[in-house]
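Architecture and fold: a report
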Amino acid sequence: MTSGFFIAFEGGEGAGKSTQTELLSKRLTGEGFSVVVTREPGGTLTAEKIRSVLLDPTITDMPDQAEALLFAAARADHAANLIRPALENGSIVICDRYLESSVAYQGYGRNLGGTYIRELSEWATQGLLPDITVYLDVPAQVSLDRRKGTDRMEIQSLDFHMQTQQAFRDLAKNSQVAHIIIDATLPIDEIAQLISDAVIAELKSR
Ligand code: Z5A
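To keep things clear, this report deals only with the structure shown in the data block. Given the structure is predicted, the values throughout are model-derived calculations rather than measurements. By convention here, each chain's residues receive numbers from 1 onward along its written sequence. Predicted model: local features are reported for residues with pLDDT of at least 70 only, side-chain atom pairs are reported and counted for 80 or more only, and whole-chain, interface and lining totals are derived from all residues. Working from all heavy atoms in the structure, the side-chain values ignore hydrogens and water.

**Some remarks on the pattern of salt bridges**
This is how the line gets drawn: Each reported salt bridge corresponds to a side-chain nitrogen of Lys or Arg within 4 Å of a carboxyl oxygen of Asp or Glu. Secondary structure is summarised from DSSP: a helix means a run of H or I of at least four residues, a strand means a run of E of at least two, and numbering begins at the N terminus for each. Burial classes: relative accessible area under 20% of the type maximum marks a residue as buried, over 50% as exposed, and values in between as partly exposed (1.4 Å probe, protein chains only).
Counting across every chain of the model gives 7 salt bridges. Between Arg118 and Glu122 there is a salt bridge; the shortest N-O distance is 3.7 Å. Residue Arg118 and its partner Glu122 are both found in helix H5 (residues 114-124); the two are separated by 4 residues, about one turn of the helix. Using a relative accessible area of 23% as the deciding quantity, one classes Arg118 as partly exposed. Its relative accessible area of 25% is what places Glu122 among the partly exposed residues. Residues joined by salt bridges that share partners form a network here, namely Asp64, Glu67 and Arg110.

Structure follows, in C-alpha cells:
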C-alpha cells in the first residue's frame with residue numbers, strides 16, 4: 001500500500017521531460033508538498049550502473065532482448081528501493097520516464113511486442129503503476145532537432161523514433177492510467193502552467 005502520489009513523465013527524446021519535471025517539482029514544493037524527482041533508467045546505484053551500459057554508444061552488438069531485460073532490471077531496483085519507499089513515506093514521486101518508455105521503445109521500436117514488454121515491467125515492479133502520467137507529445141523530427149547527445153538509444157533512425165512516437169500516442173489514449181496529454185511544441189512556461197494546473201487539480205480531488 002502507498003500513501004504518496006506517483007507521477008510519470010513520458011514522451012520522445014527532447015520532449016522537455018527533464019525541464020518540466022524540475023518545474024513541476026519547484027511548483028509542488030512551493031505548495032508545501034514533499035517531492036522526490038527521479039529518472040529512468042536510473043535513480044538508484046544499481047539502476048544508474050545499468051543505465052551507463054544501456055546508453056553506452058560503444059556497445060554495438062547488444063541483442064534487443066538483453067536491452068529489454070536490462071531496462072526491466074533497472075526498473076525493478078528503482079521501484080523497490082526508491083519509488084515505493086518514497087510513496088510509503090507520503091511523498092510525491094516525479095519520474096522522468098517509466099514503464100510506457102519500455103512499451104514504446106522495446107515493445108514497438110524494437111518490435112519485441114507491447115503486451116509482452118508491459119507484462120515484463122509489471123512483473124519487475126510488482127505491479128507499481130503511476131497515479132497519473134504526463135505525456136509530452138513531440139513530433140519525431142522536433143525530437144531529433146532538440147537532441148543533446150549521441151548515446152546508444154539517441155542514435156537510432158528517424159523511423160525508429162517515429163514508431164515510438166506513434167506507440168506513445170496510442171498508449172496515452174488507451175491506457176488504464178490517467179494521462180495529461182500536452183503539445184510539447186508549446187512554450188516551456190505555458191506547458192509548465194498546464195501541467196501544474198492539471199496535477200494540482202488531481203491532487204485536490206483525492
Ligand atoms: N529508454 C528506453 O528505450 N526504454 C526505457 O524503458 C526507458 C528509456 C526508461 C534515455 O535517455 C533513453 O533510454 C531514451 C529512451 C530510452 N532514448 N532515446 N531516444 P535519457 O534519459 O538520457 O534521454 P531522454 O529521456 O530522451 O531525455 P532528453 O533527451 O534529456 O530529453 P527531455 O528530458 O525530454 O528534454 P529536456 O532535456 O528537458 O529538453 C531538451 C532540449 O529541448 C533542451 O535544450 C530544452 O531547453 C529544450 N526544450 C524543452 N522544452 C522545450 C520547448 N517547449 N520548446 C523549445 N525547446 C524546449
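That covers the picture; the talk isn't over yet.
**Some points on the site of the ligand**
To keep things clear, this is the line we draw: When we say a residue is near a molecule or strand, we mean one of its heavy atoms is within 4 Å of it. In the analysis that follows, any N or O atom pair within 3.5 Å is treated as a polar contact, provided that within protein one partner can donate a hydrogen and the other can accept it, and provided that, for residues neighboring in sequence, both atoms belong to side chains. Note on areas: Shrake-Rupley, 1.4 Å probe, and residue coverage restricted to the protein chains presented here.
Lining the immediate surroundings of the ligand are 27 residues, of which Lys17, Ser18, Thr19, Arg97 and Ser102 lie closest. Separating an oxygen atom of the ligand from a backbone N or O atom of Gly14 is a distance of 2.9 Å. Backbone polar atom of Ala184 to a nitrogen atom of the ligand: 3.4 Å apart, as the coordinates give it. Relative to its unbound accessible surface of 1,100 Å², the ligand loses 84% to contact with the protein.

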